[in-house]
Amino acid sequence: MKEKLKKLIQKEDGKNPLTDTEIAQKLKIRREEATMIRNSLEIPDSRERRKVDLLKKIELLMRKAPNRTMVDVTRSLNASGYEVSRCTVVRYAEEIRQNSRNDQKQGQVVSTAFEKSQGASEPDVFSKLVGHSRSLKGIIQLAKAAVLYPPHGLHTIITGPTGVGKSELAECMYEFAVESGVFEKNSPFVVFNAADYAENQQLLLSQLFGHIKGAFTGADMDKMGLVEKADGGILFIDEIHRLPHEGQEILFQLIDKGKVRRLGETKLSTSIKVMLISATSEPLESYLLTTFKRRIPMVIEIPDLTSRPLVERHHIINNFFVNEAHRIGIAILVKADVYKALMLYKCHGNLGQLRSDIQVACARGLLNKLAKQQDNVVVNISEVSEHVMKGLIDIRNHRDKVEKYVLGDVKISPDANVHEIRTNDSIYQFPEEIYRYTEERYLSLLSEGIEVEAINRIVGGEVEIQIQQYIKSMKTYTGDMDLRELVSVVGKQILLLTEDIINIAEKRFGKLDGSLKFSLAIHLKATISRLKEGKKIQNNNLKEIINNYPQEFTAAREISDYLEQTYSICLPEEELGFIAIYLNSGYRKNFYHVPKVGVFIIAHGRVASAVAEVVNKLLGVMNHVKALDMHLDKSPQETIRDVIKMAEEIDEGRGIIILVDMGSLAYLGEFITKETGIETRTLTRVDTVLAIEVTRRATLPDLSIDDIMASIRYELSGGLEYKEASVDTANGKKPTILIICVTGSGTAKIIRNKIVDAIPGIELKFHIETKGIIEFPKMDIEISRIKKRKNIIAIVSTIHLVVTDIHFVNAQEVLKNEGMKKFKDFIMMKSNSSKDQPLPASTLDNLIQEKNIYVNLPYDHKKDALTYLCKELIKGKAVKDEYLDGVFSREELFTTELEGGVAIPHSDETSVLESSIAIATLKNPILWENKYVNIIVMLAVDKNCFTALSTMLGYIITEDFKKIAQLTSAKDIKEAIMDACKEHI
Ligand SMILES: Nc1ncnc2c1ncn2[C@@H]1O[C@H](COP(=O)(O)OP(=O)(O)OP(=O)(O)O)[C@@H](O)[C@H]1O
């Protein structure tokens, strides 16, 4: 096929080169395939081929008759079959003149004049230091001044807490000294750490200054010291405050007279020319350092990590990861949460500690890679040390600041260049990344045998969402982004050009969002670099973009014409699609909603709503945590219905973490999953700390339900019971009807109500889910996500969505009588094929045994009554010893007294051996917490008793139940309960 395509293009008419669609028609292949093959042959597209051809023709005409006017040239071109405007000819002629070398490559579409304006900056050894243009700028100037001071530098002392980069600065000073010619190329740089020898002063002095034979026992020959070895270069003494008194004296002589004496020598022997750089983490006020300070003219103080801007910390983290990727030679995928933790944790050891914490995390990631045979080293939050993870606890107060820099997971390849890593890399790299992503994803899906149309839909949708998220994060970031910083990244020319584009767009759409300048400029920088390299722009979703954003696409076309005329930049059609997305985001206020994992607390009494309220307020998460207070007067069926209804409201497509206050309720998670297909994980504990920890993670968009569970288990492993209910991919999912409308889910809900009214009982057999395209612009992705967990039997929509395997129903039709009737028939047909799910069997009879029923217990205090009942259950091997503690802890959390003299003490299922309910009537009422209690129902139940327990609880709260206090035997009590509950069982 490649050969055929090549031949076709060789034979084509240069004036009207074949478009990819024409090539596809001739070769009887799809257009996308034609584009792919053409690209793989590195043949430019028709527009660029035409330009190359035109340039040749214009040049020929100009060479033949140099004085010919452009009107003439245009005329003769058009006469020979071209269709070209004079404007274009003028521009091309200008380009030819400028590139007199006439070596312009095919596909090169940006003028050289433009290229020249993108000047490269001079290399500088200090530029590898993060903060060289910000917090370290003044320090670097001092360091340079010290080195350049004639004849061979000024002695310098560098101060600052441990790990701030003192050694690093000293090394840079040496490199700078060599580079600037102060020292010769091979001059020495000798490093000595006084702390290494602090325990053995003689050895320290001898290492540093050398000794003569016989200077001390064991000195059997003369030895040269490091000071002499550093002659002609730099001696760097770290931890200088550890130098003993004698050593200081020798050093002062070196500073004052330029001579040293070896140990054992009586007078100064050797003349030495050395620049001394020393470093200390001690305060300069100490005695030694004051004397030193007097002799050492240059003092450089490096700030600690906390006083440096967050942007630098982000950059430093990047550097360290790049170093690790180099070292292990494998790409490292750093999860966004890890970045956030590293940005925020208290790092007392400054950069040095940050580096070792990153090394530990990478080492753990590497171990996992080897164990799981992954391609990359993945650094998840579980890979970082506990003290680093604590950084996330504070995320609430710093979310905005941190999320400016951390846009998502970051993949660092082993050949990444540390020196190229710059501030906010992820923001600056994104546009280039997106091009690469599109190509790689396209090819990988193609190799999986997926249809080109489907690939375009998938990749196009994914890319659009990513761009929208990028623009969104850019909005937060640009709050305090410096325009100068933007210029330093994109260059002045691109900034000007972006401003022009925005002016054009604002004429059409009115005032655009200020952040657009930043995102668009960075995007264009990547685009133009790509075009300069002759690489193509791939946009799989062009057709849909044109359909979805017609106005923006027209504006993009106008912009493209302007760029071509003014800057000689010719943008391919595909690129216009991207610009349309950017423009759209500039005036549309609603952004793509990033779905998050839901949090649902279910507990008896008012515990759930109380905890949810605290967490929502504390974390400022706008009711992300939802609560269901279990009302005991509701039947189990009603409770389940409430739970399912709420779960459906909560779910954003990424699953729900449920916190329940009793093991028996863990069953609810499974119920939800079975009934709705929503993935659930259940934690059988309800307290504020746990709810905060879960919610904090759940509100991070990048964490999946399993990431959250893994990190919760890692941090709070002690006694944490959990249960998984994953979606069963088999056919057992309850059928779902999806109602979609363009204007937002509001209209979809109206349609839903109409359907529910017209088809009574439809909700018993089908889930009805509503979605709005405004909230989910890439509906096809949303649909495939829903499809994974639900069995969609029909899509009712106001616009026609092509989802090949799902029955489509036109919403407008359904609102008419005839359409609704047809839909009803369809529903009837479908409902015949689905069966009701039976509830789990009840075991109330087993739960309540006469041996566990006590009549007229004689205790006067809650504590005694509880202890007695617990001990009886322990004796009867119904529960473990820990049950007793569990019951008391639960009472501390929230009282278990109910209205009407009943208390229901309980603990979670971890300590239950055989589910049981102990019942006691009391001789005298006991003051429980606020109320008097005369019947105790102690629950020791596990998850299998949900229905029976709910039935029992439903009876307990009735007036009738209180009558058991009058009964005189265990047998009568049991019979009364069984009788009353019979109808529910
Ligand atoms: N400005 C910087 N940019 C990037 N990396 C840096 C910078 N400063 C220091 N580092 C890195 O941080 C780590 C710690 O720096 P360094 O060892 O120089 O600190 P130090 O102050 O000498 O520590 P100590 O007091 O423990 O001797 C090193 O890996 C170093 O490469």
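Residues numbered from 1 in each chain as written. Predicted model: local features only at pLDDT ≥ 70, side-chain atom pairs only at ≥ 80, totals over all residues. Heavy atoms only, no water.

*Asks:* Any chance you could break down the pairing of strand 1 (residues 156–159) for me, citing the residues and the numbers?
*Replies:* Across the two faces of strand 1 the burial is the same, with Thr156 and Ile158 and Ile157 and Thr159 all buried. Two strands pair when backbone bridges link them, and strand 1 and strand 9 (residues 298–301) are joined in this way by four bridges, in the parallel orientation. Looking at the pairing, Thr156 lines up with Met298 of strand 9. (Buried < 20%, exposed > 50% of the residue type's maximum accessible area, 1.4 Å probe, protein only. Helix = DSSP H or I, 4+ residues; strand = E, 2+ residues; numbered from the N terminus. Pairing = 2+ DSSP bridges.)

*Asks:* Please give an account of unusual backbone geometry that cites residues and values.
*Replies:* Across the chain, the bulk of peptide bonds are trans and the bulk of non-glycine residues have phi less than zero. Following Pro150, the chain continues to Pro151 via a peptide bond in cis, the omega torsion being 0 degrees. Position of Pro151 relative to the elements: it lies in the loop between helix 8 (137–148) and strand 1. In this structure, Glu239 is a non-glycine residue whose phi angle is positive, near 50 degrees. Along the polypeptide, Glu239 turns up in the loop between strand 5 (234–238) and helix 12 (245–257). Phi is positive for Ser568, which is not a glycine, with a value near 55 degrees.

*Asks:* Explain the side chain of Thr527 residue by residue, including any values.
*Replies:* With respect to the helices, strands and loops of the structure, Thr527 is situated in helix 23 (residues 516–532). Thr527 sits in the buried class, given a relative accessible area of 0%. Beyond its immediate sequence surroundings of up to four residues, Thr527 is in contact with Tyr435, Ile537, Leu571 and Glu575. (Contact = heavy atoms within 4.5 Å.)

*Asks:* Could you give an account of the sheet that holds strand 2 (residues 189–193), with specific residues and numbers?
*Replies:* Read across the sheet, five strands follow the order 2-5-8-1-9 without closing on themselves; strand pairing throughout is parallel. Taken across any chain shown, the strands that pair with only one partner, and hence form the sheet edges, are strand 2 and strand 9. For this sheet, the mean inter-axis angle between neighbouring strands, taken without regard to orientation, is 15 degrees. Here four bridges tie strand 1 to strand 8 (residues 275–280), and the two strands are oriented parallel to one another. Residue Thr159 lies in a different strand from strand 8, and its bridge partner there is Thr280. Across the face of the sheet, helix 8 comes into contact with strand 1, strand 8 and strand 9 while running at roughly 155 degrees to strand 9. (Axes fitted to C-alpha atoms, helices over the stretch in contact; angles between N-to-C directions.)

*Asks:* Quick rundown of the site of the ligand? Include the residues and the values.
*Replies:* Looking at the ligand, there are 16 residues lining it, with Val130, Lys166, Ser167, Glu168 and Arg355 nearest. Protein chains shield 84% of the accessible area of the ligand, which is 630 Å² for the free molecule. At the level of elements, helix 9 (166–179) and helix 16 (350–372) are the ones that each hand at least two residues to the shell around the ligand. Among the residues making up the shell around the ligand, the classes are represented as six nonpolar, five polar and five charged. (Near = heavy atom within 4 Å. Areas by Shrake-Rupley, 256 points an atom, 1.4 Å probe, with all protein chains shown as cover. Nonpolar A, V, L, I, M, F, W, Y, C, P; charged D, E, K, R; others polar.)

*Asks:* Can you tell me about the pattern of salt bridges, naming the residues and giving the values?
*Replies:* Scanning all chains against the criterion turns up 25 salt bridges. The salt bridge involving Arg681 is made with Asp706; its shortest N-O contact spans 3.0 Å. One end of the pair, Arg681, is in strand 16 (residues 680–683); the other, Asp706, is in helix 31 (residues 705–715), with 25 residues separating them in the sequence. One salt-bridge network, held together by shared partners, links Glu679, Arg681 and Asp706. (Salt bridge = Lys/Arg side-chain N within 4 Å of Asp/Glu carboxyl O.)

*Asks:* Please provide a residue-by-residue account of the confidence of the model for the chain, values included.
*Replies:* On average, the chain scores 79 in pLDDT, and the residues at 70 or more come to 83%. Counting interchain partners and residues more than four positions distant, the pLDDT-below-50 stretch residues 418–425 has 25 contacts. Scored below 50 in pLDDT, residues 834–842 makes 14 contacts in the model with residues more than four places away or belonging to other chains. (pLDDT = per-residue confidence, 0-100.)

*Asks:* An account of empty space enclosed by the protein is requested, with residue identities and associated values reported.
*Replies:* In total, this model carries four cavities of 30 Å³ or more according to the counting rule given. Of the pockets and cavities examined, the largest cavity occupies roughly 50 Å³. Considering the residues around the largest cavity, the lining is formed by Thr438, Gly460, Val463, Glu464, Gln538, Asn539, Asn540, Asn541, Ile545, Phe578 and Ile581. For the lining of the largest cavity, the secondary structure elements donating two or more residues are helix 20 (452–477) and helix 26 (573–587). It is helix 20 that provides the largest number of residues to the lining of the largest cavity, a total of three residues. (1 Å grid on protein atoms, 1.4 Å probe; cavity = no way out; pocket = protein on both sides within 12 Å on 5 of 7 lines; lining within 4 Å. Points joined across faces, edges and corners; volume = space filled by probe spheres on them.)

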